[in-house]
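# A look at the structure
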Amino acid sequence: MFENFSLWPEGASSVARDIDALYLFLLAISLFFVTVIVSALLVFSVRYRRRPGHHASPIEGSLPLELLWTGVPLVIVLFVFVWGTRVFVRTQTSPLEAMRFHVTGKQWMWKIQHPTGQSEINALHVPLGQTIELTLISEDVIHSFYVPAFRLKKDVVPGLYASLWFTPTRTGTYHLFCAEYCGTKHSAMIGQVVVLDPADYQQWLDGRPSDKNPVETGALLFQNLRCDTCHSSASGARGPDLAGLFGSDVPLAAGGSVRFDERHVRESLLEPSKRVRAGFQPLMPSYAGQVSEGDILALIAYLKSLPPARGARR
Ligand code: CUA
């Protein structure tokens, strides 16, 4: 729709269609009422203008009229509310199956890692027609990941994971902006999203130095940081076995439970004594300053990949 209409930004994702349709509807409704109201205003100003021999007779109120102009807008705004909520929920809910990319924002660049390990800066190459999910975090201040052609914008906040998903629907090169003022070179924190045919994407990947993928990097870190000396399935281990826990709720020493997710892993690395697992002592040292946001994302990818160990002690 509107491919040749240059006032309309190009749309290149599945999300863009939903958002454009909603926006067009709002535009159409607004135009309709502007036309009706302005026309009535003009007609009435001429027809009921002040003239000698004519006197105004005030109207004292009309129930049917009141009901009409309360009821009609109510129905319209509720319709828009329900439609908007559906689009919002759909765009905010992570898909089950997706290619998962890691995005780290820092002054003043976007660092991106592909699920197969390749990384790039201020550019994101993706295959056409695949569902892509981005996990985003900032290393310093608040940035905002903004791709107008995809109708996507998400604040990227230090200490918090955000996620975004989309399915690119057209090949091409699209703008990537930082949309949150983040310091002197905010305006230079730009890049591009390149949507390639799957074959071309594969070729692009093959032409890149292939780093370890995040799961491999995480596994290596898990050994190098000596996480495995405590977190093992051996009986009497000083830390809980972490295999297969991702996404489940785990009990805490202080009572209650916590969802074992990205956020909990990050917090446990940086502030391990904040939420200690039930049945364990607060022995773990903090890894703050020793691990980068990229390292933490790799450790998370590794923990996500672990199947539950059989007979594991939780
Ligand atoms: Cu990063 Cu503005």
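Everything numeric in this text was worked out from a predicted model, so none of it was measured.

### Comments concerning the sheet that holds strand β10 (residues 191-196)
- In space, the five strands of this open sheet follow the order β4-β10-β9-β6-β7, with mixed pairing throughout. Edge positions in the sheet fall to β4 (123-127) and β7 (152-156), since each of these pairs with one other strand and no more. Shown here is a sheet whose adjacent strand axes are inclined to one another by a mean of 20°, direction ignored.
- Here strand β6 (residues 143-147) pairs with strand β9 (residues 172-178) via two bridges, running antiparallel. Note on β9: the bridge partner recorded for Phe145 is Cys178.
- Along the sheet face, helix α3 (residues 198-206) touches β4 and β10 and points at about 135° away from the line of β4.

### Focus on the packing of aromatic side chains
- Per the counting criterion, the structure on display carries twelve aromatic pairs.
- Plain terms: the ring middles of Tyr201 and Trp204 are 6.3 Å apart, the flat faces sit at 15° to each other, and that makes the pair stacked. Of the two residues, Tyr201 and Trp204 both sit in helix α3, three residues apart, roughly one turn of that helix.
- The exposure class assigned to Tyr201 is buried, which follows from its relative accessible area of 4%.
- Its relative accessible area of 16% is what places Trp204 among the buried residues.
- Here the aromatic residues Phe25, Phe79 and Trp83 are joined through ring pairs into a cluster of three or more.
- The ring centre of Tyr146 lies 4.8 Å from the NZ or CZ of Lys153, which sits over that ring.

### Considering the environment of Ser286
- Assignment of secondary structure puts Ser286 in the loop between α5 (262-270) and α6 (293-305).
- Measuring from C-alpha to C-alpha, the distance between Ser286 and Leu270 comes to 5.1 Å, with 16 residues separating the pair along the chain.
- At 2.7 Å, the side chain of Ser286 and the backbone oxygen of Leu270 are in polar contact.
- Within the structure, Ser286 has its side chain in polar contact with the backbone nitrogen of Ala288 (distance 3.0 Å).

### Remarks on the nonpolar core
- Within the largest apolar cluster, 33 residues are counted, with the highest numbers of intra-cluster contacts made by Phe101, Leu124, Leu134, Phe145, Phe150 and Phe166.
- Broken down by element, this core gets its largest block of residues, four residues, from β10.
- Beyond its immediate chain neighbours, meaning those up to four positions away, Phe166 contacts Ser13, Ser14, Val15, Leu124, Val126, Gln130, Thr131, Ile132, Leu134, Phe150 and Leu152.
- Core analysis: the next-biggest nonpolar cluster, separate from the first, contains 24 residues, Leu242, Leu270, Ile296 and Leu299 among them.

### Section: the domain arrangement of the chain
- Along its sequence, the chain is carved into domain 1 (9-40 + 67-210) and domain 2 (214-305).
- Just the C-alpha atoms count here: the centres of domain 1 and domain 2 sit 31 Å apart.
- Across the interface of domain 1 and domain 2, roughly 950 Å² is buried in total on both sides, 67% from carbon and sulfur atoms.
- Summed over the shared surface of domain 1 and domain 2, the number is zero salt bridges.
- Taken together, the connections running from domain 1 to domain 2 amount to zero residue pairs in polar contact (both at pLDDT 80 or more).
- Those elements giving two or more residues to the side of domain 1 that touches domain 2 turn out to be β1 (99-106) and β5 (132-138).
- In terms of residue class, the side of domain 1 that touches domain 2 is made up of four nonpolar, eight polar and two charged.

### Examining the packing of α5 against α6
- Their axes nearest at 10 Å, the elements α5 and α6 cross at an angle of 125°. By the angle between their directions, the pair α5 and α6 is classed as oblique. In this structure, α5 crosses over α6, and the sense of that crossing is right-handed. Contacts from Glu262, Val265, Arg266, Leu269 and Leu270 of α5 reach α6 at Glu293, Ile296, Leu299, Ile300, Leu303 and Lys304.
- Split by residue class, the contact of α5 with α6 holds seven nonpolar, no polar and four charged.

About the criteria used
Residues numbered from 1 in each chain as written. Predicted model: local features only at pLDDT ≥ 70, side-chain atom pairs only at ≥ 80, totals over all residues. Heavy atoms only, no water. Pairing = 2+ DSSP bridges. Helix = DSSP H or I, 4+ residues; strand = E, 2+ residues; numbered from the N terminus. Axes fitted to C-alpha atoms, helices over the stretch in contact; angles between N-to-C directions. Contact = heavy atoms within 4.5 Å. Phe/Tyr/Trp six-rings, centres within 6.5 Å; stacked < 30°, edge-to-face > 60°. Buried < 20%, exposed > 50% of the residue type's maximum accessible area, 1.4 Å probe, protein only. Lys NZ or Arg CZ within 6 Å of the ring centre and 35° of its normal. Polar contact = N/O pair within 3.5 Å; in protein donor to acceptor, adjacent residues only side chain to side chain. Core = buried A, V, L, I, M, F, W, Y, C linked by side-chain atoms within 4.5 Å. Domains from an automatic or database assignment. Buried area = accessible area lost by both parts, 1.4 Å probe. Salt bridge = Lys/Arg side-chain N within 4 Å of Asp/Glu carboxyl O. Nonpolar A, V, L, I, M, F, W, Y, C, P; charged D, E, K, R; others polar. Parallel < 35°, antiparallel > 145°, perpendicular 65-115°, else oblique. Left-handed = near helix turned anticlockwise from the far one by under 90°.

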